[in-house]
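These are the residues of each chain, in order.
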Amino acid sequence: MTVRDRSYEVVAPPARPPRSGWTDREGFLAWAFLLPSVVYILALVGVPFFLAIAFSFSDVTTGDPSFDWAGVRNFARAFDDPVFWQSLRNTIVFTVVSMVLIVLFGKILANILLADFRGKWLVRFLVLLPWTTPVALSTIAWLWLLDSVFSPIDWVLRNVGVIDGNVYWLGRPNLAIASIIAVHVWRLVPLAAVIMLAGLIAIPKDVEEAAAVDGAGFWRRMFEITIPLTLPIIAVAALFGAILTFTDMAVVYVLTRGGPTNSTQVLASWAFFRGIEGGDIGQGAAIALFLFPLLLAAAIAILQAVRRLEVT
Amino acid sequence: VNGAVDEQRREARRRRIAGRVAVYALALLAAVAAAGPFVWAAITAFKENRDLYRRDNNPFLFNLNPTQEHVSYLFDSTEFPTFVWNTLWVGLLVVAITLGLGLPAAYSLARLDRPWSGPMAIAIFFVYLVPPTLLFLSLSRVVAATGLQDSTWSLVLVYPTITIPVSVWLLMGFLRAVPKDIEEQAMVDGYSRLGAFVRTVLPLVFPGIVAVVVFAFTLTASEFIYALAFISPTPEKPISTGVPTALVRGDVFFWQSLQAATVLVAVPVALVFNLFLERFIAGFTMGAVKG
């Protein structure tokens, strides 16, 4: 196929010197360029992926790493466990709520960053901090902000007179859930804003200007021109926000370790606690496996939305 | 008639001023919301224990004189400098591997049109959706098989699986934005296909390369689960797992030192990112709008 596919040669101007050799064979180059990445990913994502599926049907534990077929026992045990369903529900709730808020605040932030104002460089730097800081570290900063006794947020609320004692942000199920969502939103809004800013910059200036000349106000331009034109890129921002919330366990692990009494457990953290800390690798793998179809469905849905928008 | 025009002008000016005020107010709000925890962390880092652990002390002020003993502790009594060094060299090697493998792959998918290019590009993107949380259990076996467990090198081996898919995706966008004529002209001038890629296309996608370097490095520095699962000896750890291990002992948190570490890591990374933000944005536009 390599020789036949040198379509470029056919249309080349006759003045061009004749050539041969591997540096010109597109079919060969296409493979040679792609192969290293594909091999790397197959070896270190493909193999472990199927290994993970195999583990989920086995009785492998940290104490007894020998592989014995266990059928669907790991899945049956997961389904019988109310914590699994709680984790599944939390994963979905955290992801959906965070995604909506990330897109909303990200859109606002993108529009702020698009505007010209003094000190923009500093604002941009400050706004990027939550995204560029390693998540384990920034979450530790939040752990102190939400401390049960010394929380500065509580101190402010006390001094304003809203509360008397402490809120116990991470000690009550609903507040703990809200706190985790808040941290996810806080750390991912900058990324979403940067992605959407990219979309805003790509809009041809004359479209906006023409609309402004025609007397369309800020809000009308926003909802009738800017948002429809940048919908695909808004969807991309939503996709990234969703994936990064969905797959993350560091925030839950650092803030609540799934507590109080598993009320903030997500699939990722539950798999970690069962698989690593509980030593039941088969069970952990079975739980983690549930991340994939959900993620796949969400990604396909969003990518298809993008494609449909691009066609119209 | 003049009165009406004046009225309109005044109205327009009022709107413009209102717009400016709104922009500054929102920018300030965003900056405070985003950076607040870090500003406050920076204050905490210099507090004495007697100041910090009093519920009614103002957490935003120094109620006692600031002290730098906890920052010194971070540098003198923990392996923080080692963690920083580990994160740096792992990041640089991962970036190099990512570019070495990702650039040719992106070029192949974006330019050397094969029937399988489209599906392959989507397949590579979907690899990005396979979360580390799903793979770390079985990957730890693979890592053990290579004999790299408990070594920082295991991260050099594994992190490119996270960075390559995203980078290929970003770079494809940049490559598609380079007009085909440029390569064709180079080939008419006597360069081979490979030569045209190296001599004319690579310099043009330099902004994309910068975007990938920054993005890949940030991803690497933030990664948590693999580092947690693969490496237990403290001197081999990167920042993201090393700092919590060194400064959280059971239930005892060395809060001031933790906050100092957070700020010391956050500020330089954000500064570098900010420098390259424009290029990063350009990359996303091209990748997302056309991909």
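J.: Honestly, the overall build of chain A in this entry has me stumped. Any pointers?
T.: On a plain count of helices and strands, chain A comes out with 14 helices and zero strands. Relative to the 2.2 N^0.38 estimate, which gives 20 Å for 312 residues, the radius of gyration of chain A is 26 Å and therefore markedly larger than a compact globule would have. Over its C-alpha atoms, taken along the principal directions, chain A stretches across nearly 85 × 70 × 35 Å. A buried classification covers 55% of the 312 residues belonging to chain A. For chain A, the share of sequence-separated contacts (at least 6 apart) that also reach a separation of at least 24 residues comes to 64%. Per element, the accessible surface of chain A, about 13,900 Å² overall, is 69% carbon and sulfur. The positive charge centre, built from 22 side chains, and the negative charge centre, built from 22, are 5 Å apart in chain A.

J.: Please clarify how the overall build of chain B should be interpreted in this entry.
T.: Helix and strand counts for chain B stand at 15 helices and two strands. A compact globule built from 291 residues should have a C-alpha radius of gyration of about 19 Å, whereas chain B, at 25 Å, is more than 25% larger. C-alpha extents for chain B along the principal axes are approximately 85 × 75 × 30 Å. For chain B, contacts bridging at least 24 residues in sequence account for 73% of all contacts bridging at least 6. In the structure as shown, chain B presents an accessible area of about 12,300 Å², 64% of it carried by carbon and sulfur atoms.

J.: What is the right way to read a nonpolar patch on the surface from this model?
T.: Together, L104(A), F105(A), I108(A), L26(B) and L29(B) line one region of the surface with nonpolar side chains, adding up to about 460 Å² of accessible area. At the level of secondary structure, the elements contributing two or more residues to the nonpolar patch comprise α4 (82-114) of chain A together with α1 (2-45) of chain B. With three residues, the single largest contributor to the nonpolar patch is α4(A). Taking the relative accessible area as the measure of exposure, I108(A) reaches 38% and is therefore partly exposed.

J.: Can you help me understand the interface of chain B and chain A in this one?
T.: You'll often see interface size given as the accessible area lost when the parts meet. At the junction of the two partners, chain B supplies 103 residues and chain A supplies 104 residues. Taken together, the two surfaces of chain B and chain A that pack against each other cover about 9,400 Å², and 80% of this comes from carbon and sulfur. Three residues, R55(B), R114(B) and L137(B), lead the burial of chain B against chain A; their summed loss comes to 8% of the area buried on that side.

J.: What's the story with the nonpolar core in this structure? I'm lost.
T.: As a rule of thumb, soluble globular proteins bury nonpolar side chains together. Judged by nonpolar contacts, the single largest core of 193 residues is most densely connected at L255(A), Y226(B) and V243(B). Considering each element in turn, this core owes the most residues, 17 residues, to helix α8 (residues 173-202) of chain A. Here V243(B) is in contact with L137(A), F80(B), F83(B), P238(B), L258(B) and A261(B), once residues within four sequence places are set aside.

J.: Would you take a moment to explain the pattern of salt bridges for this structure?
T.: Note that side chains of opposite charge can pair when their charged atoms are close. What the rule picks out here adds up to 10 salt bridges over all chains. E224(A) is the partner of R220(A) in a salt bridge, and the nearest nitrogen-oxygen pair spans 3.3 Å. With R220(A) and E224(A) both in helix α10 (residues 218-246) and four residues apart, this pair spans about one turn of that helix. Between E11(B) and R14(B) there is a salt bridge, and its shortest N-O distance comes to 3.0 Å. Of this pair, E11(B) and R14(B) both sit in helix α1, three residues apart, which is roughly one turn of that helix.

J.: What am I meant to see in the packing of aromatic side chains here?
T.: Given two aromatic rings, their pairing is described by the distance between the two centres and the angle made by the two planes. Residue and element names in this part refer to chain A. With the rule as written, the count across this model stands at 34 aromatic pairs over all chains. Judged by centre distance (5.6 Å) and plane angle (10 degrees), the rings of F57 and W69 are stacked. Of this pair, F57 sits in the loop between α2 (26-56) and α3 (73-80) while W69 sits in the loop between α2 and α3, and the two are 12 residues apart along the sequence. Residue F57 is classed as partly exposed on the basis of its relative accessible area of 22%. One aromatic cluster is present, built from ring pairs that chain together F57, W69, F75, F79, F84, W85 and F290. Sitting above the plane of the Y253 ring, R257 keeps its charged end 4.8 Å from the centroid.

J.: Would you mind showing me how to read the layout of surface pockets here?
T.: Any space left empty among the atoms is revealed by the rolling of a water-sized probe across them. By volume, the largest pocket amounts to about 1,400 Å³. Along the wall of the largest pocket there are 34 residues; nearest its centre are N111(A), A115(A), F218(A), R221(A) and V23(B). The element contributing the most residues to the lining of the largest pocket is α1(B), with 10 residues.

J.: Teacher, can you tell me more about unusual backbone geometry here?
T.: The bulk of non-glycine residues show a negative phi, and the bulk of peptide bonds are trans. With a phi close to 40 degrees, T261(A) is a non-glycine residue in the positive phi region. Looking at where T261(A) falls in the secondary structure, it is placed in the loop between α11 (250-255) and α12 (267-277). On the basis of relative accessible area, T261(A) is assigned to the exposed category, the value being 79%. The backbone phi angle of D150(B) is positive, close to 65 degrees, even though this residue is not glycine. Take D150(B): it is sitting in the loop between α6 (132-145) and α7 (153-158).

J.: Explain the confidence of the model for chain B to me, please; I cannot follow it from the model alone.
T.: Parts of the prediction with low pLDDT should not have their coordinates interpreted in detail. All names here are of chain B. Scored by pLDDT, chain B comes out at a mean of 84, with 96% of its residues at no less than 70. Summarising per-element confidence for chain B, the mean pLDDT is lowest in helix α15 (residues 277-290) (61) and highest in α7 (93). Under a pLDDT of 50 for its full length, residues 287-291 has, in the predicted model, 12 contacts with residues more than four places off or in other chains. Quick note on the complex model: pTM equals 0.84, ipTM equals 0.83.

J.: What should I look at first to understand the environment of A12(B) in this one?
T.: Along the chain, A12(B) falls in helix α1. Along the backbone, A12(B) and F60(B) are 48 residues apart, and their C-alpha atoms lie at a distance of 42 Å.

Calculation rules
- Residues numbered from 1 in each chain as written.
- Chains lettered and ligands numbered in written order.
- Predicted model: local features only at pLDDT ≥ 70, side-chain atom pairs only at ≥ 80, totals over all residues.
- Heavy atoms only, no water.
- Helix = DSSP H or I, 4+ residues; strand = E, 2+ residues; numbered from the N terminus.
- Rg over C-alpha atoms; globule rule 2.2 N^0.38 Å.
- Buried < 20%, exposed > 50% of the residue type's maximum accessible area, 1.4 Å probe, protein only.
- Contact = heavy atoms within 4.5 Å.
- Areas by Shrake-Rupley, 256 points an atom, 1.4 Å probe, with all protein chains shown as cover.
- Lys, Arg positive; Asp, Glu negative; His and termini not counted.
- Charge placed at Lys NZ, Arg CZ, Asp CG, Glu CD.
- Patch = residues over 30% accessible without salt bridge, like charges linked within 9 Å, V, L, I, M, F, W, Y side chains within 5 Å.
- Salt bridge = Lys/Arg side-chain N within 4 Å of Asp/Glu carboxyl O.
- Buried area = accessible area lost by both parts, 1.4 Å probe.
- Core = buried A, V, L, I, M, F, W, Y, C linked by side-chain atoms within 4.5 Å.
- Phe/Tyr/Trp six-rings, centres within 6.5 Å; stacked < 30°, edge-to-face > 60°.
- Lys NZ or Arg CZ within 6 Å of the ring centre and 35° of its normal.
- 1 Å grid on protein atoms, 1.4 Å probe; cavity = no way out; pocket = protein on both sides within 12 Å on 5 of 7 lines; lining within 4 Å.
- Points joined across faces, edges and corners; volume = space filled by probe spheres on them.
- pLDDT = per-residue confidence, 0-100.

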